[in-house]
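# Fold and contact review
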Amino acid sequence: INIACTFGLRSIPDEVSPHDSIQPLRFTSATRLQWEPAAVSRSDRFNLYRGDIVDLPTRQYGDCLQADLLVNITEDFEVPLAGTSWYYLVTGKNEGGEGPLGFDGGMVQRFPHQYGP
């Protein structure tokens, strides 16, 4: 096997801030979200997705709220309507493409709409 060839193509990033990450996706203030650094998932930028919590069981993984973020921190000043809740998911991106949105409760890998079923 020619190792030089196998490392020449860049694959998509790994999951950003998986469940066992030391820096999970979280709010660090009322409006600020932060997650693990790009190098951990082999990313060079991120997309932030936001969706209504009731849509998660239907495999609707939200809409891209912010694209091509160069850092692992952002803010969302919008507030959900009373009686509703949002969830946030982050993907890593690199020259190989966009990585997964993590795994659902059944350990099925989530992908953004354009890659999903």
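Report on the accompanying structure. (Residues numbered from 1 in each chain as written. Predicted model: local features only at pLDDT ≥ 70, side-chain atom pairs only at ≥ 80, totals over all residues. Heavy atoms only, no water.)

## Structural notes on the nonpolar core
Within the largest apolar cluster, 8 residues are counted, these being Val 16, Leu 33, Trp 35, Phe 46, Leu 48, Leu 69, Tyr 88 and Val 90. Of all the secondary structure elements, the ones that give two or more residues to this core are β3 (45-52) and β6 (86-94). When residues no more than four places from it in sequence are discounted, the contact partners of Leu 33 are Leu 25, Arg 26, Phe 27, Leu 48, Asn 72, Ile 73, Thr 74, Asp 76 and Tyr 88. Core analysis: the next-biggest nonpolar cluster, separate from the first, contains 5 residues, Tyr 49, Tyr 61, Leu 89 and Leu 101 among them. (Core = buried A, V, L, I, M, F, W, Y, C linked by side-chain atoms within 4.5 Å. Buried < 20%, exposed > 50% of the residue type's maximum accessible area, 1.4 Å probe, protein only. Helix = DSSP H or I, 4+ residues; strand = E, 2+ residues; numbered from the N terminus. Contact = heavy atoms within 4.5 Å.)

## Considering the environment of Ile 73
With respect to the element layout, Ile 73 can be found in strand β5 (residues 73-75). With relative accessibility at 30%, the residue Ile 73 sits in the partly exposed group. When the C-alpha positions of Ile 73 and Thr 28 are compared, they lie 9.5 Å apart, and in sequence the two are 45 residues distant. For Ile 73, the residues in contact, after removing those within four places along its chain, are Arg 32, Leu 33, Gln 34 and Trp 35.

## A look at the side chain of Glu 98
Inspection of the secondary structure assignment puts Glu 98 in strand β7 (residues 97-98). One buried charge, Glu 98, has no salt-bridge partner; the nearest side chain with opposite charge is Lys 93, at 5.7 Å. A polar side-chain atom of Glu 98 sits 3.0 Å from a polar atom in the side chain of Asn 47. Polar contacts involving the side chain of Glu 98 include one to the side chain of Thr 91, which spans 2.6 Å. (Lys, Arg positive; Asp, Glu negative; His and termini not counted. Salt bridge = Lys/Arg side-chain N within 4 Å of Asp/Glu carboxyl O. Polar contact = N/O pair within 3.5 Å; in protein donor to acceptor, adjacent residues only side chain to side chain.)

## Digging into the sheet that holds strand β2 (residues 32-34)
The 3 strands lie next to each other as β1-β2-β5, forming an open sheet whose pairing is antiparallel. Because the sheet does not close on itself, it has two edges, and the strands there are β1 (26-27) and β5. Sheet topology note: the β2/β5 ladder contains 3 bridges and is antiparallel. Counted as the bridge partner of Arg 32 is Glu 75 from β5. (Pairing = 2+ DSSP bridges.)

## Here we look at the sheet that holds strand β4 (residues 63-69)
Strand order in the open sheet made by the 4 strands is β4-β3-β6-β7, with antiparallel pairing throughout. Every other strand in the sheet has two partners, leaving β4 and β7 as the edge strands with one partner each. Note that β6 and β7 share 2 bridges and pair antiparallel. Looking at the pairing, Asn 94 lines up with Gly 97 of β7.

## Considering the pattern of salt bridges
According to the stated counting rule, one finds 7 salt bridges in the structure shown. Across the salt bridge formed by Glu 75 and Arg 32, the nearest N and O atoms sit 3.0 Å from each other. With Glu 75 in strand β5 and Arg 32 in strand β2, this pair connects stretches of sequence that are 43 residues apart. Overall, the relative accessible area of 25% leaves Glu 75 in the partly exposed class.

## Quick notes on the side chain of Asn 72
Inspection of the secondary structure assignment puts Asn 72 in the loop between β4 and β5. On the basis of relative accessible area, Asn 72 is assigned to the buried category, the value being 18%. A distance of 2.5 Å separates a polar atom in the side chain of Asn 72 from the backbone oxygen of Trp 35. With residues near it in sequence (within four places) discarded, Asn 72 still touches Gln 23, Leu 33, Gln 34, Trp 35, Glu 36, Pro 37 and Phe 46.

In short, geometric facts, not functional conclusions.
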